[in-house]
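Residue-level listing of the chains:
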Amino acid sequence: MKREVIRCEMLGVEIGGVSVLKGLSFSVAEGDFLAIVGPNGGGKTTLLRVLLGLQKPSEGVVQVFGAAPGRAVGRIGYVPQRLFFDREFPLSVRDVALMGRIALKTPFQHYGKADMQAADEALRIVGLSALSNRRIGALSGGELQRALIARALAGKPQLLLLDEPTASVDPEMKTTIYDLLDHLKSTMTIVLVTHDTGTVSRFVGRVLCLNCSMVLRENPSASPGGEAAQQVYPYPVDLLLHESRNPR
Amino acid sequence: MPDLFAYEFIRNAVLASLFASVACGIIGSYVVVKKIGFISGGIAHTAFGGIGLGYYLGINPLFGVIPFSLAAAIAIGLLSRKAKVAEDTAIGAFWAVGMAVGVILIGLTPGYAPNLFSYLFGNILTVSVADLWMIAVLDILIAALTWLFSKEFLALSFDEEYAEVSGVKTTRFYLLLLCLIALTVVILVRVAGIVLVIALLTIPAAIARVFSSTLRGMMGLATVLSAFFCLGGLWLSWQLDLASGATIIVLAGIAFLLVHAGRAFISFLKAR
């Protein structure tokens with residue numbers, strides 16, 4: 001049996017008295033490629049923040065690598081949705097990738113040769129080797145997104161969490177990023193928050209819908225249904241606030 | 001002007017300028033990239049309470065500033081992080097209350113408060129040998145801590161959320177950074193004064209950022225620029241018989257305007 005990487009049981013999250021997630025149960029096994037889809041406000045990013053230990057659940061059980069979220073920092077790579085940073089920050093692309101190594105270092109340690117190599121290797125994987133000395137603020141949207149993926153990969157994570165990595169890039173770059181994830185999925189567990197319900201069904205193993213019924217009603221053709229559903233739901237996934245438990 | 005160095009107060013002023021510039025370059029760079037100039041201003045103004053405390057207790061006011069500015073740094077940091085007080089509200093409250101406490105304490109102190117003006121607006125020519133030693137020790141402390149925790153401070157400045165999920169104790173490091181800002185304020189009080197400190201914490205680093213590709217390079221350049229402004233301002237104030245702290249700040253401000261006007265002009269030419 002494959003090892004369980006993430007386990008949520010009856011997870012509920014309230015932010016400022018508003019229930020964002022409720023009664024959510026699912027698990028992710030080692031090697032899974034899971035997409036979390038759903039409308040804005042459906043709790044996708046909140047769920048990711050819970051898994052990262054940035055948001056405390058108000059009820060239920062969450063375990064990541066068998067421990068409370070936030071306890072397995074060296075094993076998780078995180079790619080945020082968009083990074084608001086100073087475009088003039090004096091930092092090279094390589095320095096940003098190098099930051100992905102920080103979880104593996106103790107406070108007094110400085111980055112060493114092995115860290116440099118891991119950062120360069122991560123930049124090579126995402127195809128940014130040629131730009132590694134460029135200022136991070138000089139990158140285009142798609143390049144920046146790949147640099148953030150490189151930062152996550154530099155720590156050689158076993159679990160990669162991505163929050164809408166294709167939200168701010170053009171369609172061609174989207175394909176590049178999905179090809180990259182397709183390539184990575186053989187080496188690590190991936191959980192992806194996305195709006196690309198159509199594209200994503202070609203790549204991912206499972207889809208977790210948060211409050212999906214709205215999406216299904218509004219735009220059935222783009223939902224993870226139809227012929228893709230067979231691959232998408234190899235086993236049941238608990239759906240939140242659903243009238244129909246299965247979009248098929 | 002070799003004859004000038006015959007005066008001890010000139011020698012002290014030059015050394016103080018150089019020492020202060022090191023702290024200014026390092027900490028100012030963090031202040032600029034992390035965009036915490038307003039917090040730094042708040043810490044500096046709150047420190048006026050410490051000046052009042054120093055007068056009241058009859059000790060060197062700088063020794064009053066150290067605990068006061070450190071307390072202000074931690075209190076503003078904790079209030080805005082933990083107590084859900086908007087950061088600018090916390091800063092504004094401390095800014096005014098710190099100064100009010102200073103005024104009350106100075107009022108309670110019997111007699112006239114000498115040199116009060118120099119603590120508000122700086123007078124680098126009044127730096128004593130004891131002040132120099134304190135500045136040097138604080139400098140070493142600041143340089144050592146920022147070197148030890150350079151990767152944490154960099155991660156905190158660039159992407160705090162990522163630092164947090166990577167296991168960096170971001171609140172702790174943020175408070176430490178604010179404390180280092182407080183100590184830099186102590187150093188700069190002699191040079192520029194409580195009210196003008198903020199300019200030296202931001203202008204040299206803001207100019208350096210334009211020409212630097214690494215944070216370390218930015219710190220080095222900011223240090224050089226800060227030394228240039230302090231020494232240049234000192235010399236100008238001597239020549240023109242002006243207040244030294246204010247002259248330093250005005251010189252820095254003019255350089256800042258020129259660099260940014262130059263940049264705007266260049267991008268205007270490129271756009272044509």
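Residues numbered from 1 in each chain as written. Chains lettered and ligands numbered in written order. Predicted model: local features only at pLDDT ≥ 70, side-chain atom pairs only at ≥ 80, totals over all residues. Heavy atoms only, no water.

Q: Whenever I open this one, the overall build of chain A confuses me. Can you help?
A: Within chain A one finds eight helices and eight strands. Burial analysis of chain A (248 residues in total) assigns 53% to the buried set. The long-range fraction of contacts in chain A, counting pairs at least 24 apart against all pairs at least 6 apart in sequence, stands at 71%. (Helix = DSSP H or I, 4+ residues; strand = E, 2+ residues; numbered from the N terminus. Buried < 20%, exposed > 50% of the residue type's maximum accessible area, 1.4 Å probe, protein only. Contact = heavy atoms within 4.5 Å.)

Q: When you look at the overall build of chain B in this model, what are you seeing that I'm missing?
A: Looking only at helices and strands, one finds twelve helices and zero strands in chain B. Tracing chain B from N to C terminus, the helices and strands come up as α-α-α-α-α-α-α-α-α-α-α-α. Computed over the C-alpha atoms, the radius of gyration of chain B is 19 Å, within 12% of the 19 Å expected from 2.2 N^0.38 for a compact globule of 272 residues. Along the first, second and third principal axes, the C-alpha atoms of chain B reach 55 × 50 × 35 Å. (Rg over C-alpha atoms; globule rule 2.2 N^0.38 Å.)

Q: Mind showing me how you'd approach the environment of Leu-257 of chain B here?
A: Within the secondary structure, Leu-257 of chain B is located in helix α12 (residues 244-271). Between the alpha carbons of Leu-257 of chain B and Ile-203 of chain B there is a distance of 9.8 Å; along the sequence they are 54 residues apart.

Q: Whenever I open this one, the packing of aromatic side chains confuses me. Can you help?
A: When we look at a pair of aromatic rings, we describe it by the centre distance and by the angle of the planes. Applying the stated criterion across every chain, the model contains 13 aromatic pairs over all chains. On the basis of an interplanar angle of 90° and a centroid distance of 6.1 Å, the ring pair of Tyr-55 of chain B and Tyr-119 of chain B is categorised as edge-to-face. Taken as a pair, Tyr-55 of chain B in helix α3 (residues 48-57) and Tyr-119 of chain B in helix α6 (residues 116-121) lie far apart in primary sequence, 64 residues in all. For Tyr-55 of chain B, a relative accessible area of 12% gives the class buried. Residue Tyr-119 of chain B is classed as buried on the basis of its relative accessible area of 4%. One cation-aromatic arrangement involves Arg-75 of chain A over Phe-65 of chain A; the distance from NZ or CZ to the ring centre is 4.1 Å. For the cation-ring pair, Arg-151 of chain A lies above Tyr-162 of chain B, with the distance from its terminal atom to the ring centre recorded as 3.6 Å. (Phe/Tyr/Trp six-rings, centres within 6.5 Å; stacked < 30°, edge-to-face > 60°. Lys NZ or Arg CZ within 6 Å of the ring centre and 35° of its normal.)

Q: I keep staring at the pairing of strand β7 (residues 189-193) of chain A and nothing clicks. Help me out?
A: Side chains on a regular strand alternate between the two faces of the sheet. Residue and element names in this part refer to chain A. With five of five residues buried, β7 is to be regarded as a mostly interior element. Of the two faces of β7, the one carrying Thr-189, Val-191 and Val-193 and the one carrying Ile-190 and Leu-192 are both buried. When strand β3 (residues 33-37) meets β7, the two strands line up parallel, connected through four bridges. Considered in β7, the bridge of Ile-36 is made with Val-193. Tracing the backbone out of strand β6 (residues 159-163), into helix α5 (residues 171-184) and back to the parallel element β7 gives a crossover that is right-handed. (Pairing = 2+ DSSP bridges. Right-handed = clockwise from strand over helix to strand, strands pointing away.)

Q: So what exactly am I meant to see when it comes to the interface of chain A and chain B here?
A: Interfaces are often described in size by the accessible area the parts lose on coming together. Contacts between chain A and chain B engage 30 residues on the former and 28 residues on the latter. At the boundary of chain A with chain B, total buried surface from both sides reaches about 2700 Å², with 64% on carbon and sulfur atoms. The salt bridge involving Asp-159 of chain B is made with Arg-151 of chain A; its shortest N-O contact spans 3.0 Å. At the junction of chain A and chain B, the tally comes to 13 residue pairs in polar contact (both at pLDDT 80 or more). Among the secondary structure elements, those contributing two or more residues to the side of chain A that touches chain B are α1 (44-52), α2 (93-99) and α4 (141-154) of chain A. Here the side of chain A that touches chain B is composed, by residue class, of 19 nonpolar, five polar and six charged. (Buried area = accessible area lost by both parts, 1.4 Å probe. Salt bridge = Lys/Arg side-chain N within 4 Å of Asp/Glu carboxyl O. Polar contact = N/O pair within 3.5 Å; in protein donor to acceptor, adjacent residues only side chain to side chain. Nonpolar A, V, L, I, M, F, W, Y, C, P; charged D, E, K, R; others polar.)

Q: Whenever I open this one, the sheet that holds strand β5 (residues 76-79) of chain A confuses me. Can you help?
A: Where strands meet in a sheet, backbone hydrogen bonds hold them as pairs that are either parallel or antiparallel. Residue and element names in this part refer to chain A. Taken in spatial order, the five strands make up an open sheet running β5-β6-β7-β3-β8, and their pairing is parallel. Edge positions in the sheet fall to β5 and β8 (206-209), since each of these pairs with one other strand and no more. Neighbour to neighbour, the strand axes of the sheet diverge by 15° on average, direction disregarded. Bridging between β6 and β7 involves five bridges; their strand directions are parallel. Its bridge partner lying in β7, Leu-162 is registered against Leu-192. Packed on one face of the sheet, α4 meets β5 and β6 and runs near 165° to β5. Contacting β3, β6 and β7, α5 crosses the sheet at an angle of about 150° to β7. (Axes fitted to C-alpha atoms, helices over the stretch in contact; angles between N-to-C directions.)

Q: In this structure, what is going on with the sheet that holds strand β2 (residues 18-29) of chain A? I would like to understand it.
A: Residue and element names in this part refer to chain A. Read across the open sheet, the three strands follow the order β2-β1-β4; overall the sheet is antiparallel. For this open sheet the edge positions go to β2 and β4 (59-64), each flanked by a neighbour on one side alone. Mean inter-strand twist for the sheet, computed between neighbouring axes without regard to direction, equals 20°. Most of the contacts of α1 go to strand β1 (residues 4-15), to which it runs at about 120°, and overall it touches β1, β2 and β4.

Q: Explanation requested: the state of the cysteines in the structure shown.
A: Each disulfide is one covalent bond, formed between the sulfur atoms of two cysteines. Residues and elements named next belong to chain B. A complete count under the given rule lists zero disulfides over all chains for this structure. Take Cys-24: it sits in no disulfide, and the sulfur closest to it among the cysteines is that of Cys-230, at 6.4 Å. No disulfide involves Cys-179; its sulfur sits 18 Å from the nearest other cysteine sulfur, which is in Cys-24. Residue classification places Cys-179 among the buried positions, given a relative accessible area of 14%. (Disulfide = S-S within 2.5 Å.)

Q: Would you take a moment to explain the packing of helix α4 (residues 61-82) of chain B against helix α10 (residues 170-211) of chain B for this structure?
A: How two helices pack is summed up by the angle between their axes together with the distance between the axes. All names here are of chain B. Their axes nearest at 9 Å, the elements α4 and α10 cross at an angle of 150°. On the basis of their axis angle, the class for α4 and α10 is roughly antiparallel. In terms of crossing hand, the pair formed by α4 and α10 is right-handed. On α10, the residues touching Leu-62, Val-65, Ile-66, Ser-69, Leu-70, Ala-73, Ile-74, Gly-77, Leu-78, Arg-81 and Lys-82 of α4 are Thr-171, Tyr-174, Leu-175, Leu-178, Cys-179, Ala-182, Leu-183, Val-186, Val-189 and Arg-190. (Parallel < 35°, antiparallel > 145°, perpendicular 65-115°, else oblique. Left-handed = near helix turned anticlockwise from the far one by under 90°.)

Q: Explain a nonpolar patch on the surface here, please?
A: Residue and element names in this part refer to chain B. A cluster of nonpolar side chains, contributed by Tyr-56, Leu-57, Ile-59, Phe-63, Ile-104 and Leu-108, occupies part of the molecular surface with about 620 Å² of accessible area. Elements with a contribution of two residues or more to the nonpolar patch: α3 and α5 (87-108). Checked against the element boundaries, Ile-59 lands in the loop between α3 and α4. (Patch = residues over 30% accessible without salt bridge, like charges linked within 9 Å, V, L, I, M, F, W, Y side chains within 5 Å. Areas by Shrake-Rupley, 256 points an atom, 1.4 Å probe, with all protein chains shown as cover.)

Q: What exactly am I supposed to notice about unusual backbone geometry here?
A: Peptide bonds are trans in most cases, and residues, glycine excluded, mostly fall at negative phi. All names here are of chain A. The phi angle at Met-10 is positive, at roughly 45°, despite the residue not being glycine. In this structure, Met-10 sits in strand β1. Judged by its relative accessible area of 52%, Met-10 falls in the exposed class. Even without being glycine, Lys-156 reaches a positive phi, approximately 45°. For Lys-156, the location among the structural elements is in the loop between α4 and β6.

Q: Any chance you could explain α4 of chain B here in plain terms?
A: In an α-helix, one turn spans 3.6 residues; hence positions three or four apart end up facing the same way. Residue and element names in this part refer to chain B. End to end, α4 covers 31 Å across 22 residues, agreeing with the expected 32 Å (1.5 Å per residue, within 8%). Turning to α4, its buried residues number three or more, namely Pro-61, Leu-62, Gly-64, Val-65, Ile-66, Ser-69, Ala-72, Ala-73, Ile-76, Gly-77 and Ser-80. On its buried face, α4 is in contact with α2 (37-46), α3, α5, α6, α7 (129-148) and α10. (Expected span 1.5 Å × (residues − 1).)

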